[in-house]
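Structural characterization, general
The chain contents come next:
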Amino acid sequence: VKSKRETMEKIAALIRRSASAAVLCHMHPDGDALGSMLGLALALERLGKRVHRVSPDGVPPPYDFLPGSRAVRRRLPRDLPPLAIVVDCDGLARLGPLARRTGQVAHVVAIDHHATGKAFGALRWVDPSAAAVGALLSELVAALGVPFDREIATCLYTAILTDTGRFSYTNTTARALRIAARLVQAGADPGAIYQQVYETKSLAQAALLGAALSRLSTADEGRIVLSALTRADFAATGANDSDTEGIIDQIRAVRQAEVAVLLVERGGEVRCSMRSRGRADVARVAEALGGGGHPQAAGCTVAGPLARARKQAIRLIAAELGPRA
Ligand code: 5GP
Ligand code: MN
């Protein structure tokens, strides 16, 4: 605990003496990646810093309501700032095409909560017990002496809301709820944020969810519940790749599902999202397939075709689940 506190203080000191910084998040960003990136960026601006908000895949809806999202760029500036703070990434590779140049920044700081991955950055604050990077940043913002305002609170609350699965996964701890409460006190509006994140689906997105749910299959005596989306599904519904967000949680809702899997055809590759009810550690499965994540929520990208990816995932998950009790 003491060394984590010391690391946070070191990061705060580095921020104080840097006039500018880039804050970066991972490819295919989720609510924690974007909320954390944008919340930290606002806090640095309150300290008078020049801040570059960088997301390799931009800001997909529904997260474009977040304060500061319009300032987000897909690339680093031509003149690299002296400081790059990389959030929610369990490896530099999660930055995709931006990994190489980010590695050239003088001071690279990693703030993360994954137990998987490949260490990077001279200064690393990685706490797998944190529900979201947004929860860690709430502590950092306080340490920096920046008062929470409605905008910062909205970003960080969104990070915690989404990474706890709307306050439903086992990472929904008293600590996470206490931080969330502080953010609500500072002006984050739970009802409004919930609607923005979860109830602004396009008709195409709802149709894509319908396609996924109309084609559920099971494996390992029903303990694994799967669905798959092909390019034909995207064409038929008019949905795009970021419209798959949230579908996996609906699959996990099936009672007997120990593990839910959503496979999405993407070019010659297959994107694999996994959610566990708690018995299986899906981060280990994802890691074995070149990805990563958390024990209850993980993902990876594997070679196609779909049928091969499905077989591979089932074999590894069944092994991870072990024999039936
Ligand atoms: P999702 O299924 O929502 O895409 O991802 C769930 C979790 O797994 C997130 O915490 C995310 O950071 C992690 N994750 C998803 N895909 C990858 C991947 O390709 N590589 C790594 N290292 N982590 C991933
Ligand atoms: Mn996260």
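Everything below is about the structure shown above.
Conventions adopted
Residues numbered from 1 in each chain as written. Chains lettered and ligands numbered in written order. Predicted model: local features only at pLDDT ≥ 70, side-chain atom pairs only at ≥ 80, totals over all residues. Heavy atoms only, no water. Helix = DSSP H or I, 4+ residues; strand = E, 2+ residues; numbered from the N terminus. Buried < 20%, exposed > 50% of the residue type's maximum accessible area, 1.4 Å probe, protein only. Contact = heavy atoms within 4.5 Å. Lys, Arg positive; Asp, Glu negative; His and termini not counted. Charge placed at Lys NZ, Arg CZ, Asp CG, Glu CD. Donors = N, O, S within 2.8 Å, 3.2 Å for Na, K, Ca; no water. Salt bridge = Lys/Arg side-chain N within 4 Å of Asp/Glu carboxyl O. Axes fitted to C-alpha atoms, helices over the stretch in contact; angles between N-to-C directions. Parallel < 35°, antiparallel > 145°, perpendicular 65-115°, else oblique. Left-handed = near helix turned anticlockwise from the far one by under 90°. Nonpolar A, V, L, I, M, F, W, Y, C, P; charged D, E, K, R; others polar. Near = heavy atom within 4 Å. Polar contact = N/O pair within 3.5 Å; in protein donor to acceptor, adjacent residues only side chain to side chain. Pairing = 2+ DSSP bridges. Phe/Tyr/Trp six-rings, centres within 6.5 Å; stacked < 30°, edge-to-face > 60°. Lys NZ or Arg CZ within 6 Å of the ring centre and 35° of its normal.

What about the overall build of the protein?
The helix and strand tally for the protein stands at 12 helices and 11 strands. By its C-alpha atoms, the protein is 55 × 40 × 35 Å across when sized along the principal axes. Looking at the protein as a whole, 53% of its 325 residues qualify as buried. Looking at the protein alone, contacts between residues at least 24 apart form 65% of all its contacts between residues at least 6 apart. Taking the average location of the 42 positive side-chain charges in the protein and that of its 31 negative ones, the two points are 3 Å from each other.

Description of the coordination of the manganese ion (ligand 2)
Ideal geometry at a metal centre: 109.5 degrees between donors when four sit tetrahedrally, and 90 or 180 degrees when six sit octahedrally. Protein coordination at the manganese ion (ligand 2): the donors are Asp32 (OD), Asp88 (OD), His113 (NE2) and Asp163 (OD), at 2.2 to 2.3 Å from the metal. One chain supplies every donor to the manganese ion (ligand 2), and in sequence these donors are spaced D-x55-D-x24-H-x49-D. With Asp32 in helix 2 (residues 31-46) and His113 in the loop between strand 4 (107-112) and strand 5 (123-126), this residue pair connects regions lying 81 residues apart in the sequence. Take Asp32 and His113: they sit in the same class, and that class is buried.

Some points on the side chain of Asp32
Notably, Asp32 is buried but unbridged: the nearest opposite-charge side chain belongs to Arg94, and the N-O separation is 9.8 Å. Setting aside residues up to four positions removed in sequence, Asp32 forms contacts with Met37, Asp88, His113, Ala132, Val133, Gly134, Ala159, Thr162 and Asp163.

Topic: the packing of helix 5 (residues 150-163) against helix 6 (residues 174-185)
Relative orientation of the contacting elements helix 5 and helix 6 amounts to 155°, with a least axis distance of 9 Å. As the angle between them shows, helix 5 and helix 6 are arranged roughly antiparallel. Here helix 5 runs over helix 6; the crossing is left-handed. Where helix 5 abuts helix 6, its residues Ala153, Leu156, Tyr157 and Ile160 lie against Ala176, Ile179, Ala180, Leu183 and Val184. Taken together, the residues of the contact of helix 5 with helix 6 sort by class into 9 nonpolar, no polar and no charged.

Details of the site of ligand 1
The environment of ligand 1 is made up of 14 residues, and the closest members are Asp90, His114, Arg271, Ser273 and Arg275. One of the side-chain nitrogen or oxygen atoms of Arg94 is found 3.4 Å away from an oxygen atom of ligand 1. In the environment of ligand 1, an oxygen atom lies 2.6 Å from a nitrogen or oxygen atom belonging to the side chain of Ser273. Contributions of two or more residues to the shell around ligand 1 are made by strand 9 (269-276), strand 10 (292-294) and strand 11 (297-303). No other element matches strand 11, which puts 4 residues into the shell around ligand 1.

A short note on the pairing of strand 9
Burial analysis of strand 9 places 6 of its 8 residues in the buried class, which makes it a mostly covered element. Where strand 8 (residues 259-266) and strand 9 come together, 8 bridges link them in antiparallel fashion. When the bridges of strand 9 are listed, Arg266 appears paired with Glu269. The pairing of strand 9 with strand 11 spans 7 bridges and is classified as antiparallel. Note on strand 11: the bridge partner recorded for Met274 is Ala298.

With respect to unusual backbone geometry
For the bond from Pro61 to Pro62, the omega torsion is 10°, close enough to zero to count as cis. The omega angle of the peptide bond from Gly304 to Pro305 is -5°, so this bond is cis rather than trans. For Pro305, the location among the structural elements is in the loop between strand 11 and helix 12 (306-321). One non-glycine residue, Asp88, lies in the positive phi region at around 65°. Backbone geometry places Arg166, a non-glycine residue, at a positive phi of 60°. Mapped onto the secondary structure, Arg166 falls in the loop between helix 5 and helix 6.

So, the sheet that holds strand 3 (residues 83-87)
The strand order across the open sheet formed by 5 strands is 2-1-3-4-5, and the pairing between neighbours is parallel. This sheet does not close on itself; its edge strands, each paired only once, are strand 2 (50-54) and strand 5. Adjacent strand axes in the sheet meet at a mean angle of 15°, parallel and antiparallel pairs treated alike. Here 5 bridges tie strand 1 (residues 20-24) to strand 2, and the two strands are oriented parallel to one another. Opposite Ala21, over in strand 2, you have Val51 as the bridge partner.

Points about the packing of aromatic side chains
Each aromatic ring pair is characterised by the separation of its centres together with the angle its planes make. Following the criterion strictly, the structure yields 2 aromatic pairs and no others. Look at Tyr194 and Tyr198: their rings are 4.9 Å apart centre to centre, the planes differ by 50°, and that puts the pair in the tilted class. In this pair, Tyr194 and Tyr198 are both assigned in helix 7 (residues 190-198), 4 residues apart and thus about one turn of the helix distant. The partly exposed category is assigned to Tyr194, whose relative accessible area is 29%. Its guanidinium or amino end placed over the ring of Phe120, Arg124 lies 5.8 Å from that ring's centre, counting from NZ or CZ.

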